[in-house]
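Coordinate analysis (summary)
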Amino acid sequence: MLIPHPLLGPRDAQEFVYLGPAALIDRPQITFPLTDASAALDAFHVYLHERENPAGLHRELWFHEQGDRSWLVVTRDTRTHDIVGAELATDIARAVGRGRGPEAPPPANKDTA
Amino acid sequence: MTYSGFRVFWEGLRGNKGWRPVWRDPDPKAAYDIIIVGGGGHGLATAYYLARVYGQARIAVLEKNWLGGGNVGRNTTIIRSNYLLEGNQPFYSFSMKLWAGLEQELNYNAMVSQRGVLNLCHTDAQRDAYRRRGNAVRMSGDDAELLDAAQVRQMAPFLNFDNARFPIKGGLLQRSGGTARHDAVAWGYAHGADKLGVDIIQNCEVKGFRIEKGMMRGVETSRGYIAASKVGVAVAGSSGLVMAMAGMKLPVESHVLQAFVSEGLKPTIPGVITFGAGHFYVSQSDKGGLVFGGDIDGYNSYAQRGNLPVIEDVCEGGMALMPMIGRARLLRAWGGIMDMSQDGTPIIDRTPVDGLFFNGGWCYGGFKATPASGYCFAHLIATGEPHPTARFFRLDRFRSGHVVDEKGMGAQPNLH
Ligand SMILES: Cc1cc2nc3c(=O)[nH]c(=O)nc-3n(C[C@H](O)[C@H](O)[C@H](O)COP(=O)(O)OP(=O)(O)OC[C@H]3O[C@@H](n4cnc5c(N)ncnc54)[C@H](O)[C@@H]3O)c2cc1C
């Protein structure tokens with residue numbers, strides 16, 4: 001399988017590590033203090049365990065471990081292994097307001113000089 | 001029809017004219033008491049034990065293709081009961097007991113061959129882990145022996161003991177483990193179930209469920225609607241697709257696993273040898289072919305075929321372990337769809353729909369489980385309660401945290 005890396009062009013899928021569905025980007029946002037622990041548990045259970053597992057187009061996370069170490073969202077047909085497209089996962093995460101965009105302040109870390 | 005040595009002899013004298021089909025080919029009836037979806041090993045075994053042990057009648061098995069075309073006819077046929085965890089080992093132990101008497105019980109030659117399964121180890125830490133696992137196996141009443149390098153050398157002198165990265169330091173041997181003829185297991189259970197009146201209906205794909213007020217009413221199929229108040233789903237790699245028709249999302253991903261067979265060779269490999277560190281395991285079929293495999297490809301797939309990198313990886317593992325394999329030619333490679341669960345352990349449980357039962361999440365290890373899986377699923381469907389050896393295989397264990405994670409990999413299906 002060749003993955004059309006948005007920055008590097010077509011790369012052998014062997015250079016990548018597969019994680020799972022792109023929905024893993026949508027980690028539940030829990031705000032503290034917790035008001036409903038059971039609802040939080042439900043949300044994380046669904047996030048962590050339950051899978052769409054479609055036969056057909058699947059958006060999934062691949063990590064370019066032996067390349068530029070970026071995370072990609074690859075769209076692939078699970079019936080044929082045909083790869084339809086690939087995007088940078090950071091772009092997708094930022095588009096839905098997740099991840100640390102350039103506009104977000106750097107995380108406060110007082111321990112490191 | 002009953003099979004025996006005498007029968008083979010007699011038919012031989014009479015030009016083999018007396019053989020009858022191994023099972024009938026009935027048309028589906030309008031209604032059954034129990035419908036099993038999926039005519040693989042697990043579905044057929046379930047129907048058999050429902051009729052044989054639990055006295056149920058009016059049972060149908062619906063299979064979308066032909067019997068034995070799924071994983072039951074694609075696996076590398078290893079049977080064993082050398083698991084570590086309390087949730088798993090009693091179940092596989094029960095399965096091995098059923099395997100041992102299977103052919104007599106079914107009156108069908110499934111070529112069950114308890115020729116031993118040897119897991120190789122390469123480091124002190126791995127040997128310690130095997131000692132622990134072996135002890136767990138023995139405490140459950142099954143057999144396990146820890147071999148040192150000299151004992152392994154005696155069993156399998158052709159292995160590469162001095163590989164620089166993975167020198168062989170010993171192994172964990174289970175003598176009662178071995179292999180069975182995979183499709184004969186499907187045919188045998190089909191034969192046994194058919195004799196007890198189970199309707200086995202091929203080319204009949206389940207396309208939907210009729211569920212009213214949370215109760216199972218029946219299934220929509222490619223051959224029309226069939227009513228049943230109890231439906232058991234045992235469709236292995238298709239679990240996610242079929243249960244989605246009942247509105248459920250499972251803790252399961254479908255992945256492809258490949259297997260390989262070489263040309264026929266003279267007997268060389270005594271039993272099953274696994275080289276986990278090198279992603280390779282091998283046995284020799286009765287026809288002489290080396291049957292081998294490795295890890296899953298690692299990405300979601302319903303393609304029933306894998307890609308070249310894994311073929312290369314498996315063959316490299318083979319070359320590292322037993323260099324002589326390089327002289328053999330690869331005849332065939334194929335793939336099957338694995339229902340990889342989030343903790344590597346199966347599910348045999350009720351569902352939120354009254355009358356709908358689920359059996360799946362077998363990963364790459366469900367062949368050895370076939371008899372016990374069928375038995376326990378039949379128990380669940382007939383009595384409504386889990387069989388004692390399968391009580392850990394709950395669907396809600398992921399929500400509650402009672403996972404049975406044999407490998408300790410966490411919730412990542414492609415790593416189990
Ligand atoms: C390459 C490979 C090697 C393996 N090696 C081993 C091994 O050495 N040891 C071991 O223990 N296990 C092994 N396994 C795993 C084992 O084969 C499976 O876990 C087990 O066979 C699954 O159960 P089954 O036999 O019921 O599945 P299957 O035979 O796949 O049965 C499921 C059936 O359901 C049918 N179905 C699907 N959807 C529908 C529908 N909508 N309507 C009707 N029918 C439907 C399918 O057509 C199929 O026939 C291996 C698997 C593979 C692929």
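One can find the structure itself at the top, above this paragraph.
Let us look at the structure shown here. Once a new chain begins, its residue numbering starts again from 1 and follows that chain's sequence as written. Starting at A for chains and at 1 for ligands, labels are handed out in the order in which the entities are written. Residue-level local features of this predicted model are given only where pLDDT is at least 70; pairs of side-chain atoms are given and counted only at 80 or more, and the full residue set underlies all totals for whole chains, interfaces and linings. Side-chain metrics in this entry use all non-hydrogen atoms of the structure; hydrogen atoms and water are not considered.

1. Describing the overall build of chain B
Counting its regular elements, chain B contains 11 helices and 19 strands. A compact globule built from 416 residues should have a C-alpha radius of gyration of about 22 Å, and chain B, at 21 Å, falls within 12% of that. With the C-alpha coordinates of chain B rotated into their principal frame, the extents come out at 65 × 65 × 40 Å. Within chain B, the proportion of its 416 residues that are buried is 57%. A helix here means a DSSP run of H or I that spans at least four residues, while a strand means a run of E at least two residues long, and both kinds are numbered starting from the N terminus. Radius of gyration: over C-alpha atoms. The globule rule applied is 2.2 Å multiplied by the number of residues raised to the 0.38 power. Here the term buried applies to any residue with accessible area under 20% of the maximum for its type, exposed to any over 50%, and partly exposed to those in between, with areas from a 1.4 Å probe on protein chains only.

2. With respect to the site of the ligand
Residue and element names in this part refer to chain B. Close to the ligand lie 38 residues, the nearest being Glu63, Asn71, Val72, Thr76 and Lys368. Identification of polar contacts relies on pairs of N or O atoms within 3.5 Å, with a donor-acceptor requirement for protein atoms, meaning one able to donate a hydrogen and the other able to accept it, and with residues adjacent in sequence counted only if both atoms are side-chain atoms. Contacts to the ligand include Asn71, whose backbone N or O atom sits 2.7 Å from an oxygen atom. Contact distances for the ligand include 3.0 Å between a nitrogen atom and a backbone N or O atom of Ile78. The method behind every accessible area is Shrake-Rupley, applied with a 1.4 Å probe, and residues are considered shielded solely by the protein chains displayed. Protein chains bury 96% of the 1000 Å² of accessible surface belonging to the ligand in isolation. For the shell around the ligand, the per-class residue count stands at 17 nonpolar, 16 polar and 5 charged. Residue ranges assigned to each domain were obtained from an automatic or database domain assignment. When we break the shell around the ligand down by domain, the ones giving at least three residues each are domain 1 (28-78 + 182-251 + 343-415) and domain 2 (87-178 + 253-341). In these notes, residues near a molecule or strand are those with any non-hydrogen atom within 4 Å of it. Polar here means any residue other than Ala, Val, Leu, Ile, Met, Phe, Trp, Tyr, Cys and Pro, which are nonpolar, and Asp, Glu, Lys and Arg, which are charged; Gly is therefore polar.

3. Digging into the sheet that holds strand β2 (residues 59-62) of chain B
All names here are of chain B. DSSP calls a pair of strands paired once it identifies at least 2 bridges connecting them. Pairing within the open sheet is mixed, and its 6 strands lie in the order β8-β2-β1-β12-β19-β18. Only two strands of the sheet have a single partner each, and these edge strands are β8 (199-201) and β18 (347-350). Pairs of neighbouring strands in the sheet enclose a mean axial angle of 15 degrees, with direction left out of account. The sheet contact formed by strand β1 (residues 34-37) and β2 spans 4 bridges and is parallel. Its bridge partner lying in β2, Val37 is registered against Leu62. Lines fitted to C-alpha atoms define the axes, with helix axes restricted to the stretch in contact, and inter-axis angles between N-to-C directions lie between 0 and 180 degrees.

4. Topic: the sheet that holds strand β4 (residues 117-121) of chain B
All names here are of chain B. Spatially, β5-β6-β4-β14-β15-β16-β13-β17 is the arrangement adopted by the 8 strands of the open sheet, whose pairing is mixed. The sheet is open, and its two edges are formed by β5 (145-148) and β17 (330-341), each paired on a single side. Adjacent strand axes in the sheet meet at a mean angle of 25 degrees when their direction is disregarded. Contacting β4, β13 (252-264), β14 (272-275), β15 (280-284) and β16 (289-300), helix α9 (residues 308-321) runs over the sheet at an angle of about 135 degrees to β16. Note on contacts: a residue pair qualifies if any of its non-hydrogen atoms lie within 4.5 Å across the two residues.

5. Looking at the side chain of Asp183 of chain B
All names here are of chain B. In this fold, Asp183 is placed in helix α7 (residues 182-195). By relative accessible area, Asp183 is classed as buried at 15%. Side-chain polar atoms of Asp183 contact the side chain of His182, separated by 3.3 Å.

6. Re the environment of Thr268 of chain B
Residues and elements named next belong to chain B. Following the sequence through the fold, Thr268 ends up in the loop between β13 and β14. Distance from Thr268 to Ala156, taken between C-alpha atoms, is 8.7 Å for residues 112 residues apart in sequence. Sequence-distant contacts of Thr268, defined by excluding residues within four places in its chain, comprise Phe158, Gln284, Leu290 and Met324.

7. Topic: the interface of chain B and chain A
Between chain B and chain A, the residue contacts involve 24 residues of the former and 25 residues of the latter. Between Lys or Arg on one side and Asp or Glu on the other, a salt bridge is scored when a side-chain nitrogen of the former is within 4 Å of a carboxyl oxygen of the latter. Our count for the contact surface shared by chain B and chain A stands at 3 salt bridges. Between Asp42 of chain A and Arg399 of chain B there is a salt bridge, and its shortest N-O distance comes to 2.4 Å. Between the two partners, chain B and chain A, sit 16 residue pairs in polar contact (both at pLDDT 80 or more). The set of elements that each furnish at least two residues to the side of chain B that touches chain A consists of α8 (239-244), β13, β16 and α11 (397-400) of chain B. Here the residues of the side of chain B that touches chain A are counted per class, giving 10 nonpolar, 10 polar and 4 charged.

8. Brief notes about the packing of aromatic side chains
Any pair of aromatic rings gets described here by the distance separating the centres and the angle formed by the planes. Residues and elements named next belong to chain B. Aromatic contacts are taken between Phe, Tyr and Trp rings whose centres are within 6.5 Å, Trp giving its six-membered ring; a plane angle under 30 degrees counts as stacked, one over 60 as edge-to-face, and the others as tilted. Taken as a whole and judged by the stated rule, the model has 22 aromatic pairs over all chains. Relative to Tyr92, the ring of Tyr83 lies with its centre 4.0 Å away and its plane at 5 degrees, an arrangement referred to as stacked. Neither Tyr83 nor Tyr92 differs from the other in exposure class; each is buried. In textbook terms, an aromatic cluster arises when at least three aromatic residues are bridged by ring pairs, as seen for Tyr48, Tyr49, Tyr54, Phe94, Tyr189 and Tyr375. Criterion for a charge above a ring: Lys NZ or Arg CZ within 6 Å of the ring centre, and within 35 degrees of the ring normal. The ring of Phe161 has Arg153 lying over it, and the distance from NZ or CZ to the ring centre is 4.2 Å. Above the plane of the ring of Tyr225 lies Arg210, whose end atom (NZ or CZ) is 3.6 Å from the centre.

Remember, this is a structural readout, not a statement about activity or role.
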